[in-house]
Amino acid sequence: MTGPEITLANTFGALEIGTMVAVCLFGIVTVQTEYYFREFREDRLWLKATVAFVWILEIGHTVGICMEVYRATILFNGRPLEYNNFKAIGVATFLSGLITMIAQSFFSFRAWRLLPNPYRFIGLVCIVASVVRLGFSTWLSEVAITAPSLAAYVTGGRWLITMLLSMGTALDVVVAFSMMYFFLTKRKNALQTTTRMVDRLVGFTIRTGFLTSLTAVGVLVAFRLTSDTYIWVGIYVCLAKMYSNAFLSALNGRHELRKTMGTSGLVVENSTSNLDRLTRRKPSISVVVDIQTERDIELQDNPHNWERSATTPSSSSLDKKSGTPFP
């Protein structure tokens, strides 16, 4: 089977289109980063540092792929045969590996914290696999920088590129399916309000896992079918942006999840409490809501307490130190 005819459109054109899409995705990453630091000031310091580090890596990745377009379309304008290597893409490949490792490790660590035994060890295995994948990504970056020609890069790195993309897809699918399986098994015996919460969590998992998997599969298919063109490169430069957006979407989507937590059952509450302990420094406000709910139930069960409750300030309205109501 012969590949497609090599043209300007499926080489430099594909690289340029992919870079423009990647730059747009970087804009979304920047907006999500700003939203995170504005809305989640109570998060742990290590998580804030991770978000900032991912954004800095994205800046370097964006500069790298834009520099590659500049080399291909300006420096080697009219001399396509002299365009022999992907030096800037090689640097971007290393940064992409770091971004992917951080995102996959975060999702895997979330699975480790939320899933019960023995399923939680799936997350631990995926963390180790993501670190191993970073090592291979660093190797591929070195191959891209030092390859004497693009043909040598594709030929020598074919198995490495295939393995990296396959590993990334497998990790995303394993983590996403393990989380979905856990939530769906809890859904069978859940109340109606809890079912709504579980449905949100399932959609949340799909949003943060399957989009990156589909992108990785797209790169893999394009590489296997059209490795002589730059179509797969145009898709690949967007892959790191997809992981960054999935990572930030998982963090920024907690507001929506917490709105549903107030009506969730005990099983889901335990899972979300683990997520709060993972990301937040302050205790969840759901404890206060539970205390108020218990008080309401107590008043309903004991009508004689209604009059006394109407004349006595509740414990939630008293200052913990002085015993006086808050102003």
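Predicted model, so just to flag it, every value in this text is computed and none were measured.

Caption draft 1: Broad picture of the overall build of the protein chain. Looking only at helices and strands, one finds 12 helices and 0 strands in the protein chain. Helices (α) and strands (β) of the protein chain occur, in sequence order from the N terminus, as α-α-α-α-α-α-α-α-α-α-α-α. By the burial criterion, 47% of the 327 residues in the protein chain qualify as buried. Here the protein chain displays about 17100 Å² of accessible surface, and carbon together with sulfur accounts for 67% of that area.

Caption draft 2: Spotlight on the packing of helix α3 (residues 87–114) against helix α8 (residues 239–252). It is the contact of α3 with α8, at a shortest axis distance of 9 Å, that shows an interaxial angle of 35 degrees. The element α3 and its partner α8 pack so that their crossing is left-handed. Contact with α3, carried on its side by S96, I99, T100, A103, Q104, F106, F107 and R110, involves A240, Y243, S244, A246, F247, A250 and L251 of α8 and no other residues of that element. Looking at side-chain class alone, the contact of α3 with α8 contains 10 nonpolar, 4 polar and 1 charged residues.

Caption draft 3: Fine view of the state of the cysteines. Using the criterion set out here, one finds 0 disulfides in the structure. Free cysteine: C24, not disulfide-bonded; nearest cysteine sulfur from C238 at 9.2 Å.

Caption draft 4: Fine view of the nonpolar core. Core analysis: the largest hydrophobic core is formed by 69 residues, its most contacted members being Y83, F86, Y153, W232, V233 and F247. Only α1 (9–39), α2 (45–75), α3, α4 (121–146), α5 (150–187), α6 (192–225), α7 (231–236) and α8 provide two or more residues apiece to this core. Apart from the residues within four sequence positions on either side, Y83 is in contact with F12, L15, E68, R71, A72, F76, L150 and Y230.

Caption draft 5: Region of the structure containing a nonpolar patch on the surface. The grouping of I17, M20 and V21 at the surface amounts to a nonpolar patch, some 280 Å² of accessible area in total. Within the element layout of this structure, M20 appears in helix α1. Since its relative accessible area comes to 48%, M20 is described here as partly exposed.

Caption draft 6: Highlighting unusual backbone geometry. Looking along the chain, the bond that leaves N117 and enters P118 is cis, with omega of -5 degrees. Looking at the secondary structure, you find P118 in the loop between α3 and α4.

Caption draft 7: Focus on the UniProt feature "transmembrane region" (unreviewed entry) in the protein chain. Residues annotated by UniProt as "transmembrane region" (unreviewed entry) correspond here to residues 12–33, 45–70, 90–109, 121–140, 160–184, 204–223 and 229–251. The annotated region residues 12–33 carries 100% helix and 0% strand content, and the separation between its end C-alpha atoms amounts to 31 Å. Secondary structure across residues 160–184 divides into 100% helix and 0% strand, with the first and last C-alpha atoms of the span separated by 36 Å.

Caption draft 8: Focus on α4. Between its first and last C-alpha atoms α4 spans 38 Å; for 26 residues at 1.5 Å apiece the expected length is 38 Å, and the two agree. Within α4, burial applies to G123, C126, A129, S130, R133, L134, S137, L140, S141, V143 and A144.

Caption draft 9: Broad picture of the pattern of salt bridges. In the structure shown here, the tally under the stated rule is 5 salt bridges. The partner of R254 in a salt bridge is D43, and the shortest N-O contact between them spans 2.6 Å. Of this pair, R254 sits in helix α9 (residues 254–261) while D43 sits in the loop between α1 and α2, and the two are 211 residues apart along the sequence. Note on accessibility: R254 and D43 belong to one class, buried. The residue E68 makes a salt bridge to R71 at a minimum N-O spacing of 2.7 Å. Separated by 3 residues within a single helix, E68 and R71 lie in helix α2, roughly one turn from each other.

Caption draft 10: Spatial organisation of the packing of aromatic side chains. A complete count under the given rule lists 10 aromatic pairs for this structure. Their ring planes at 75 degrees and their centres at 5.5 Å tell us that W112 and F121 sit as a pair that is edge-to-face. Relative to W159, the ring of W139 has its centre 5.3 Å away and its plane inclined at 75 degrees; by these criteria the two rings are edge-to-face. Of this pair, W139 sits in helix α4 while W159 is found in helix α5, placing the two residues 20 residues apart along the sequence. The cationic tip of R254 hangs over the ring face of F40; the distance from NZ or CZ to the ring centre is 4.2 Å.

Scoring rules and cut-offs
- Residues numbered from 1 in each chain as written.
- Predicted model: local features only at pLDDT ≥ 70, side-chain atom pairs only at ≥ 80, totals over all residues.
- Heavy atoms only, no water.
- Helix = DSSP H or I, 4+ residues; strand = E, 2+ residues; numbered from the N terminus.
- Buried < 20%, exposed > 50% of the residue type's maximum accessible area, 1.4 Å probe, protein only.
- Areas by Shrake-Rupley, 256 points an atom, 1.4 Å probe, with all protein chains shown as cover.
- Axes fitted to C-alpha atoms, helices over the stretch in contact; angles between N-to-C directions.
- Left-handed = near helix turned anticlockwise from the far one by under 90°.
- Contact = heavy atoms within 4.5 Å.
- Nonpolar A, V, L, I, M, F, W, Y, C, P; charged D, E, K, R; others polar.
- Disulfide = S-S within 2.5 Å.
- Core = buried A, V, L, I, M, F, W, Y, C linked by side-chain atoms within 4.5 Å.
- Patch = residues over 30% accessible without salt bridge, like charges linked within 9 Å, V, L, I, M, F, W, Y side chains within 5 Å.
- Salt bridge = Lys/Arg side-chain N within 4 Å of Asp/Glu carboxyl O.
- UniProt positions renumbered as here; feature names shortened; annotations may be inferred.
- Expected span 1.5 Å × (residues − 1).
- Phe/Tyr/Trp six-rings, centres within 6.5 Å; stacked < 30°, edge-to-face > 60°.
- Lys NZ or Arg CZ within 6 Å of the ring centre and 35° of its normal.

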